[in-house]
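What follows is the residue order along each chain.
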Amino acid sequence: MKKCRGIMVQGTSSDAGKSFIATALCRIFSDMGYAVCPFKSQNMSNNSCVTPDGLEMGRAQGVQAEAAHVEPQAYMNPILLKPRKDTSSEIVLMGKVYDAPCDKNYYRLFTMDKGLETVREALSLIDDRYDVMVCEGAGSPAEVNLNAAEIVNMRIANEADIPVLLVADVDRGGALASVVGTLELLGADKRRVKGIVFNKFRGDISLFEDAVRFTEEKTGVKVVGVMPWLTDVVIEGEDILSLNWHRGNQERAGGEKLRIGVVKFPRVSNHTDIEAFRFEPDVEITEISSPAQLARLDAVLLPGTTSTVLDMKYLIDSGLADAIRRFYKGGGAVYGLCGGYQMLGEKIDDRYLRDNEKIPEIEGLGLLPAVTLFDDEKTTVRSRGRAAHPCFKEYTPVEGYQIHFGRTRALRGEGFSPLFELDGKKEGLADVELRVAGSYLHNAFHNDLFRTTWLNLLRKRRGLPERAAVSTAEAKEAAYDALAASAKENLDVDYIIKIMGLPAAHSGSASRRGEAG
């Protein structure tokens, strides 16, 4: 008899809100006492995180695990595709780099062989260890050109034998047509769809009642609910379509703000590093793509990237490289995260063409005395330690994770200091004033005291008052709770429980929750 019950959340399109609804269900079922496992068989995303045992997985399932009160595990996202070069992606299989190019032969050769085998292995592990699985699809199940070899939508619903909720984005328009059209194209798989969710509705939901009635009559599928546009609930996004930097700064109190610009790299990755700033009431985050935008800023952040060399070339060609150098010389602050850290150095050496396919070497910004060499070694590790720079007057603990190719070596120490001490080793580099700094540590700014100290240095330079630390952990928990509360208010959760075959009430199983964690 099957131990783990499940539900799958699919969408009529990308960015329909699948991750949002799946996260809400993870928190709801966890609060009911179930051991909950988020799952997405195959993710294509540049946002990833590291598990406690040093394996890599998609960031969205890491967030959903957080909502479900369990540690992220690689089997929650057994296949992660990370676009790296312009014509291929890196395959991360059960948390480790798989030695095969993800190119035009991927769907023909990999998915139905090693890919499907790995997905089945993950589903078996989940079945043994959890009470409930909340599964997320990708894109749309109606992409008929991919269906013969897809392993992320209906094939997975059939493998796991679970019902499907279909999510449509009302805000983008055409939601009714997308639902009807998707169900029509599903053919026999339509039987799996047991509910429809309309997401991102603005205004009076009662005005949508006719649309709900039409949808149910036309499709024969129950509309489980209509989720409103939640302006005050922000959950970390899966990909670049889901940037939350601006939403976190809406409707803030007046007064002077710190202005921080984030370079909009063509190949940006792990942009969730920036999202902690959305909890700061006096911080305004903007994307920058032209030199003129630097004039009003207090700081520039260089985020991670899937190709440091090609995005460094973008900085040079766009004029941003020279503009950032002038910005720093004029008193501005610059911080580099992972690939952005590599760009801050004097040279990026890709002699083995590991990072890109054309350019063996490129100059960096030259703001830090360091060089980076790319080779075949990939670092994926969780790290913890402290801020080691003299500007941190009190003990400042930090933790996060590292995911990178390339090794960065400091050329000299005079006038510069390591930024962190992580697991007993010096890491990162910064000048004496902490006006230019860089590190491989992802989620550095999610450490409240570290972020606050860095921001207070900016405030001091502007003559603004210092602020106390904001707890991002409390803010994120409040967001998960608010999302779950809205889902319970606007969705027929009892119906979802019924189609999953779960009992209406549950007190939890300590032993299975212990296994899950």
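What counts, and at which threshold
- Within each chain, residues carry numbers counting from 1 in the order of the written sequence.
- Local features in a predicted model are, by the rule used here, given only for residues with pLDDT of at least 70; side-chain atom pairs are given and counted only at 80 or more, and totals for whole chains, interfaces and linings are based on all residues.
- Side-chain numbers here rest on the full set of heavy atoms in the structure, without hydrogens or water.
- A run of H or I in DSSP counts as a helix once it spans at least four residues, and a run of E counts as a strand once it spans at least two, with each numbered from the N terminus.
- C-alpha atoms define the radius of gyration in this analysis, and the globule rule sets the expected value at 2.2 Å times the number of residues to the power 0.38.
- Whether a residue is buried, partly exposed or exposed follows from its accessible area with a 1.4 Å probe, protein chains only, as a fraction of its type maximum: under 20%, in between, or over 50%, in that order.
- What makes two residues a contact is simply this: any of their non-hydrogen atoms within 4.5 Å.
- Using the Shrake-Rupley algorithm and a 1.4 Å probe, accessible areas are obtained, with residue cover drawn only from the displayed protein chains.
- Counted charges follow a simple rule, with Lys and Arg positive, Asp and Glu negative, and His plus the chain ends left uncounted.
- By convention, the charge on Lys lies at NZ, on Arg at CZ, on Asp at CG and on Glu at CD.
- Within this document, salt bridges are pairs made up of a side-chain nitrogen of Lys or Arg and a carboxyl oxygen of Asp or Glu, the two lying within 4 Å of each other.
- The pairing criterion for strands is at least two bridges between them, as found by DSSP.
- Inter-axis angles, ranging from 0 to 180 degrees, are taken between N-to-C directions of lines fitted to C-alpha atoms, where helices are fitted over the stretch in contact.
- Grid points spaced at 1 Å and placed over the protein atoms alone form the basis of the search, with a cavity being a set where a 1.4 Å probe fits but cannot get out and a pocket an open set showing protein on both sides within 12 Å along at least five of seven lines. Lining residues have an atom within 4 Å of a point.
- Grid points are joined across faces, edges and corners, and a volume is the space filled by probe spheres set on the points.
- Just so you know the grouping, Ala, Val, Leu, Ile, Met, Phe, Trp, Tyr, Cys and Pro go in nonpolar, Asp, Glu, Lys and Arg go in charged, and all remaining residues, Gly too, go in polar.
- Residues enter a nonpolar core if they are buried and are Ala, Val, Leu, Ile, Met, Phe, Trp, Tyr or Cys, with the set joined through side-chain atoms within 4.5 Å.
- Pairs of N or O atoms within 3.5 Å make up the polar contacts considered here, provided that, within protein, one atom can donate a hydrogen while the other can accept it, and that residues adjacent in sequence are counted only when both atoms are side-chain atoms.
- What pLDDT expresses is the predictor's confidence in each residue, scored from 0 to 100.
- What a helix is expected to span follows from its residue count: subtract one and scale by 1.5 Å.
- By convention, a stacked pair of Phe, Tyr or Trp rings (six-membered ring in the case of Trp) has centres within 6.5 Å and planes under 30 degrees apart, an edge-to-face pair has planes over 60 apart, and any other such pair is tilted.
- Only when the NZ of Lys or the CZ of Arg is both within 6 Å of the ring centre and within 35 degrees of the ring normal is a charge said to sit over the ring.

Further remarks concern the overall build of the protein. Along its length, the protein carries 13 helices and 27 strands. Relative to its length of 517 residues, the protein is compact, with a C-alpha radius of gyration of 23 Å against a globular reference of 24 Å. Overall, the C-alpha framework of the protein stretches about 70 × 55 × 45 Å when taken along its three principal axes. In the protein, which comprises 517 residues, the proportion classed as buried is 59%. Of all intrachain contacts in the protein linking residues separated by at least 6 positions in sequence, the fraction that spans at least 24 positions is 75%. If you sum the accessible surface of the protein, you get close to 20,700 Å²; carbon and sulfur atoms cover 49% of it. Averaging the locations of the 65 positively and 73 negatively charged side chains of the protein gives two centres separated by 1 Å.

The subject of this paragraph is the pattern of salt bridges. The full count for this structure, using the stated rule, is 38 salt bridges. Here E136 ties to K40 by a salt bridge, and the two come within 3.6 Å at their closest N and O atoms. Of the two residues, E136 sits in strand β9 (residues 132-136) while K40 sits in the loop between β2 (36-39) and β3 (42-44), which places them 96 residues apart along the sequence. Owing to a relative accessible area of 1%, E136 belongs among the buried residues under this scheme. A salt bridge links R451 to D448; the shortest N-O distance between them is 3.1 Å. Highlighted residues: R451 and D448, both in helix α10 (residues 448-462), separated by three residues, approximately one helical turn. Using a relative accessible area of 0% as the deciding quantity, one classes R451 as buried. Put simply, E56, K82, E90, R354, D376 and K378 are held in one network by salt bridges that share partners.

On to the sheet that holds strand β1 (residues 5-11). Strand order in this open sheet of six strands is β2-β9-β1-β10-β11-β12, and the pairing throughout is parallel. This sheet does not close on itself; its edge strands, each paired only once, are β2 and β12 (223-228). Adjacent strand axes in the sheet meet at a mean angle of 20 degrees, parallel and antiparallel pairs treated alike. Pairing between β2 and β9: four bridges, direction parallel. Bridge assignment links C37 to a residue of β9, and that residue is M133.

It is worth spelling out the pairing of strand β16 (residues 299-302) at this point. Residues of β16 alternate between two faces, with A299 and L301 on one and V300 and L302 on the opposite face, all of them buried. Judged from the three bridges that link them, strand β13 (residues 258-263) and β16 form a sheet pairing that is parallel. Across the sheet, the residue bridging to I260 is A299, located in β16. Across four bridges, the pairing between β16 and strand β18 (residues 333-337) is parallel. Bridge assignment links L301 to a residue of β18, and that residue is Y335.

Volume-wise, the second largest pocket comes out at about 730 Å³. Looking at the second largest pocket, it is lined by 26 residues, and the ones nearest its centre are E66, R382, E399, N443 and K476. Elements that contribute at least two residues to the lining of the second largest pocket include exactly β4 (48-50), α2 (59-67), β21 (370-387), β22 (397-410) and α11 (472-490). Classifying every residue of the lining of the second largest pocket by side-chain character gives nine nonpolar, eight polar and nine charged.

Bringing the nonpolar core into the picture now. Counting residues in hydrophobic clusters, the biggest one holds 91 residues, and the most contacted among them are L25, F29, F39, M133, V134 and F198. Each residue touching F198, except ones within four places of it in the same chain, is listed here: A168, V170, A175, L176, V179, F208, T215, V223, G225, V226 and M227. In this structure, L294, A323, L368 and F405 belong to the second largest nonpolar core, which totals 36 residues.

Moving on, we get to the environment of H389. With respect to the helices and strands, H389 occurs in the loop between β21 and β22. Of the residues examined, H389 reaches a relative accessible area of 2% and is grouped as buried. With 28 residues separating them in the primary sequence, H389 and S417 have C-alpha atoms 6.1 Å apart. Ignoring any residue separated from it by four or fewer positions in sequence, one finds H389 in contact with S417, P418, L419, A430, D431, V432 and L434. From its side chain, H389 meets the backbone oxygen of D431 in a polar contact 2.6 Å long.

Empty pockets left among the atoms are what a rolling probe the size of a water molecule brings to light. Going through the model one piece at a time under the given rule, you end up with two cavities of 30 Å³ or more. What the second largest cavity holds in volume is close to 40 Å³. If you go around the second largest cavity, the residues you meet are V234, I235, E236, R278, K476, A479 and Y480. Taken together, the residues of the lining of the second largest cavity break down into four nonpolar, no polar and three charged.

A residue-level look at the protein finds 91% of positions with pLDDT of 70 or above and a mean pLDDT of 90. Long-range and interchain partners of residues 239-253, a stretch whose pLDDT sits below 50, account for 44 contacts in this model, where long-range means more than four residues apart. Of the regions scoring below 50 in pLDDT, residues 509-517 engages in 22 contacts with residues more than four places distant in sequence or in other chains.

Attention shifts here to α10. Turn by turn, an α-helix covers 3.6 residues, leaving residues three or four places apart pointing in a common direction. In this model, α10 (15 residues) spans 21 Å end to end at C-alpha, consistent with the 21 Å of a helix rising 1.5 Å per residue. Downstream of α10 by one or two residues, G463 has phi in the positive range, about 75 degrees.

Another aspect to go through is the environment of D448. With 94 residues separating them along the chain, D448 and R354 place their C-alpha atoms 35 Å apart. Ignoring any residue separated from it by four or fewer positions in sequence, one finds D448 in contact with A469, V470, S471 and T472. Among the polar contacts made by the side chain of D448, one reaches the side chain of R451 at a distance of 3.1 Å.

Further remarks concern the packing of aromatic side chains. Applying the stated criterion to the full structure yields 14 aromatic pairs. Where Y98 meets F110, the ring centres are 5.3 Å apart and the plane angle is 50 degrees; that geometry is what we call tilted. With Y98 in strand β8 (residues 96-102) and F110 in helix α3 (residues 106-129), this pair connects stretches of sequence that are 12 residues apart. Measuring from ring centre to ring centre gives 4.9 Å for F277 and F445, while their planes differ by 50 degrees; the resulting arrangement is tilted. Of this pair, F277 sits in the loop between β14 (268-269) and β15 (283-288) while F445 sits in the loop between β27 (436-439) and α10; the two residues are 168 residues apart in sequence, bridging distant segments of the chain. Taken as a pair, F277 and F445 share a single burial class, namely buried. Among the aromatic residues, those joined into a ring-pair cluster are F277, Y335, F392, F420, F445, F450 and W454. Over the aromatic face of Y495 sits the side chain of K222, whose NZ or CZ is 5.4 Å from the ring centroid. Positioned above the aromatic ring of Y328 is the side chain of R435, whose terminal nitrogen or guanidinium carbon lies 4.2 Å from the ring centre.

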